[in-house]
Amino acid sequence: MSGFGPVLRARWRRDAVQLTIWIVGALLLAASAVTGVRGTFPTETDRATLLATAVANPVVLLFRGLPSGTDEAAFTAFLILPFVALLAALMSTFLAVRHTRGDEDSGRAELIAATPAARTVPLAATVVHGILANAVLGALVILTYVAIGFPPTGSVLMGAASALTGIAFLGVGLVAAQLAASARTANAIGVWAVLLTYLACGLGNALGTPSADLRRMTSAPLAWVSPFGWAENTRPYDSDAAGTLVPFAGLIVVTLVLAFVLSGARDVGGSLLPARRGRAVASVALSGPIGLVWREARGSLLGWAVGGAIVGVMSTRLAAAISQIGDTIPSVQALLQSLASQGSLAQGAIEVFFTLAGVLAACAGIQTVLRARQDEAAGLAEPVRAAGVGPVRWVGAYLVVAVGAVLACLAAATAGATAGQLATDSSKTDLIRDAAVAAAGQAVAAVTLVVIATLVVVIAPRLSLPVGWALVGVATVVGLFGPLLGLSDAAVHVSPFASAPRIDGDALDLRGGVWLVVAVAAAAALAGVAARRRELAPER
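The sections below set out a description of the structure shown in this document. These numbers were taken from a predicted model, which means no experiment stands behind them. (Residues numbered from 1 in each chain as written. Predicted model: local features only at pLDDT ≥ 70, side-chain atom pairs only at ≥ 80, totals over all residues. Heavy atoms only, no water.)

### Looking at the overall build of the protein chain
Counting secondary structure elements, the protein chain contains 21 helices and 4 strands. Relative to its 540 residues, the protein chain shows a buried fraction of 54%. Residue pairs in contact within the protein chain that sit at least 24 positions apart in sequence constitute 78% of those at least 6 positions apart. For the protein chain, the accessible surface area stands at approximately 21,800 Å², while carbon and sulfur atoms represent 68% of it. (Helix = DSSP H or I, 4+ residues; strand = E, 2+ residues; numbered from the N terminus. Buried < 20%, exposed > 50% of the residue type's maximum accessible area, 1.4 Å probe, protein only. Contact = heavy atoms within 4.5 Å. Areas by Shrake-Rupley, 256 points an atom, 1.4 Å probe, with all protein chains shown as cover.)

### Thoughts on the nonpolar core
Counting residues in each nonpolar core, the largest one holds 116 residues, and the members touching the most others are Tyr145, Phe228 and Phe354. Counting residues in hydrophobic clusters, the runner-up holds 13 residues, among them Leu50, Val55, Phe75 and Phe78. (Core = buried A, V, L, I, M, F, W, Y, C linked by side-chain atoms within 4.5 Å.)

### A word on unusual backbone geometry
In this structure, arginine 235 takes a positive phi of about 50 degrees despite not being glycine. As for its placement among the helices and strands, arginine 235 is situated in the loop between α10 (227-232) and α11 (246-264). Here arginine 235 falls in the buried class, since its relative accessible area comes to 8%. With a phi close to 70 degrees, tyrosine 237 is a non-glycine residue in the positive phi region. Looking at the element boundaries, tyrosine 237 is found in the loop between α10 and α11.

### Observations concerning the pattern of salt bridges
Under the defined criterion, the tally for this structure stands at 8 salt bridges. Of the charged contacts in the structure, one is a salt bridge between arginine 14 and aspartate 103, with a shortest N-O distance of 2.8 Å. In this pair, arginine 14 sits in helix α1 (residues 4-40) while aspartate 103 sits in helix α5 (residues 101-106), placing the two residues 89 residues apart along the sequence. A salt bridge links glutamate 376 to arginine 373, with the shortest nitrogen-to-oxygen separation between them at 3.2 Å. A residue pair is termed a helical-turn pair when its members lie 3 or 4 positions apart in one helix, as glutamate 376 and arginine 373 do in helix α14 (residues 345-377) at 3 residues. (Salt bridge = Lys/Arg side-chain N within 4 Å of Asp/Glu carboxyl O.)

### Some points on the packing of aromatic side chains
Enumeration over the complete set of coordinates arrives at 10 aromatic pairs. Note on phenylalanine 150 and tyrosine 237: the rings are 5.3 Å apart at their centroids and 70 degrees apart in plane angle, and the pair reads as edge-to-face. One end of the pair, phenylalanine 150, is in the loop between α7 (120-148) and α8 (152-179); the other, tyrosine 237, is in the loop between α10 and α11, with 87 residues separating them in the sequence. Plain terms: the ring middles of tyrosine 198 and phenylalanine 228 are 5.2 Å apart, the flat faces sit at 80 degrees to each other, and that makes the pair edge-to-face. Of this pair, tyrosine 198 sits in helix α9 (residues 183-206) while phenylalanine 228 sits in helix α10, and the two are 30 residues apart along the sequence. For the residue pair tyrosine 198 and phenylalanine 228, the accessibility class agrees, reading buried in each case. One aromatic cluster is present, formed by Phe41, Phe75 and Phe78 through successive ring pairs. (Phe/Tyr/Trp six-rings, centres within 6.5 Å; stacked < 30°, edge-to-face > 60°.)

### Notes on the side chain of histidine 129
Considering the arrangement of structural elements, one finds histidine 129 in helix α7. Excluding its chain neighbours within four sequence positions, the residues that come into contact with histidine 129 are Leu8, Arg11, Trp12, Asp15, Leu19, Leu95 and His99.

### Some points on α11
For α11, built from 19 residues, the straight-helix expectation of 27 Å at 1.5 Å per residue is met to within 8% by its first-to-last C-alpha distance of 28 Å. All of the buried residues in α11 are Phe248, Ile252, Thr255, Leu256, Ala259, Leu262 and Ser263. An end-on view of α11 places all buried positions within 130 degrees of arc, on one side of the element. For α11, the exposed residues set more than 90 degrees away from the buried face come down to Val246, Val254, Val261 and Gly264. Its buried side turned inward, α11 meets α7, α8 and α10. (Expected span 1.5 Å × (residues − 1). Arc of directions from axis to C-beta.)

### Examining the packing of α7 against α11
Interaxial distance between α7 and α11 falls to 11 Å at its minimum, and their mutual angle equals 160 degrees. Judged by the inter-axis angle, α7 sits roughly antiparallel to α11. Handedness of the α7/α11 crossing: right-handed. Counting all contacts with α7, which are made through Thr120, Leu123, Ala124 and Val127, the residues of α11 involved are Leu256, Ala259, Phe260 and Ser263. Partitioning the contact of α7 with α11 into residue classes produces 6 nonpolar, 2 polar and no charged. (Axes fitted to C-alpha atoms, helices over the stretch in contact; angles between N-to-C directions. Parallel < 35°, antiparallel > 145°, perpendicular 65-115°, else oblique. Left-handed = near helix turned anticlockwise from the far one by under 90°. Nonpolar A, V, L, I, M, F, W, Y, C, P; charged D, E, K, R; others polar.)

### Considering the side chain of serine 219
Assignment of secondary structure puts serine 219 in the loop between β2 (217-218) and α10. Take serine 219: its relative accessible area is 11%, and that puts it in the buried class. A polar atom in the side chain of serine 219 sits 2.7 Å from the side chain of asparagine 205. At a separation of 3.4 Å, a polar atom in the side chain of serine 219 contacts the side chain of asparagine 233. Non-local contacts of serine 219, meaning those with residues more than four positions away in its chain, are made with Leu66, Gly204, Asn205, Gly208, Trp224 and Asn233. (Polar contact = N/O pair within 3.5 Å; in protein donor to acceptor, adjacent residues only side chain to side chain.)

### Examining the packing of helix α16 (residues 391-424) against helix α17 (residues 430-459)
At a minimum axis distance of 9 Å, the contact between α16 and α17 shows a crossing angle of 160 degrees. Our classification of the angle between α16 and α17 gives roughly antiparallel. In this structure, α16 meets α17 at a crossing whose hand is right-handed.

Right under this line is the structure:
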């Protein structure tokens, strides 16, 4: 590789499958939202009712966009723009780290730096690669909505807002790659930057000022510190405020310039935030593979557990408010019950929040089990296996810690729900029981996805990263938002999150618990058999 062109082409070839999955997934989500709106909210009255609920109940705005009127197109943007922008942001941070710090971890960057391409050309190629990927995503979003029949100006803003959000977090990911000592740490910094700014936007919307007719919301200042807030305040198909995209230019320029400056200030393989030194003598816990995996994963698992605790607190603190709103607005009651089982609205709120906790738990578990592939690709698995650790025991160590991560995240969510209920009304403990049952059911769902991801690591290691995260993404969208997108009950219950056992009134609804247990047992058995038959596959 002696120039910019060959390096850029190599990046496109390497990312062809992953980028296709990200972009097609985002487009399917964007298009299915229109089908869902037309099937679930066909009239202006239906849409006005949901917007009034969103404005009156801040928790809805934490996970949705900015209400901007009852027009079908504007309503669709309210429901789906945040999620398309979120996918673009995550795609971009992973891309940035993969081609910078990830290449340094694998030794690929040093080989390229030894050629006439030097160090700046690969970084520049990564920047162009990321910008082009987001431009393709944005252009396809525009074409999708124009083809559906939505106004062109709003469609352009939908695509531009999504693409610019991705490019902004491309810069954030590149800066994280310069600071961190490993790709894992850089990815963690990038993901938390995405999640925290997404939450800041949601809080800013929730704390905003509603219009008199409860169909629009003006964001509070907090939303304006987040790229997601800039994207949502374009208000596609309503005011079409393209000027709110201007802050993206500043953030993109600053982060990209900073990435080039930091790259030139350090050696290849070095970092500005050095890894913490370990003890001179290893503890007894590190004498086995499980202890080693735990040592690697404990920092990120703590972060997922904290997220689970926050979701748990919100579930019981807001359940009463949601129930009260549903009692006064029948269509809201129908909506919440379509997202949950047919028990009380408070139970429905617990169910929805603990589905979110299950998603966090699945992410914690899958991130842990995918470390097996990352260690294998980096050549770190060979010394462990050379110490007498068999293939099944090696893979099993990651699976054991991953299952522990799932249980810890949901235990934290249950503790948070208990604390939230005791702080709200200590005389009522029914919701605490419901939270505990929901946590147990979501644990089964999350473990199902973790075991399937483990099977993928064993039988198709080079596809494990995209497939593992795609499993969570698809299961989340189908299980949590399937009813709003107009999917049938059969399609929704394909997702483990929707099939998990839960409380329905005073009875226990096992739903698809049996097939989830069967799936766990079958996937674990297949992984064990397949692990015995394959060799390590380092990325060399």
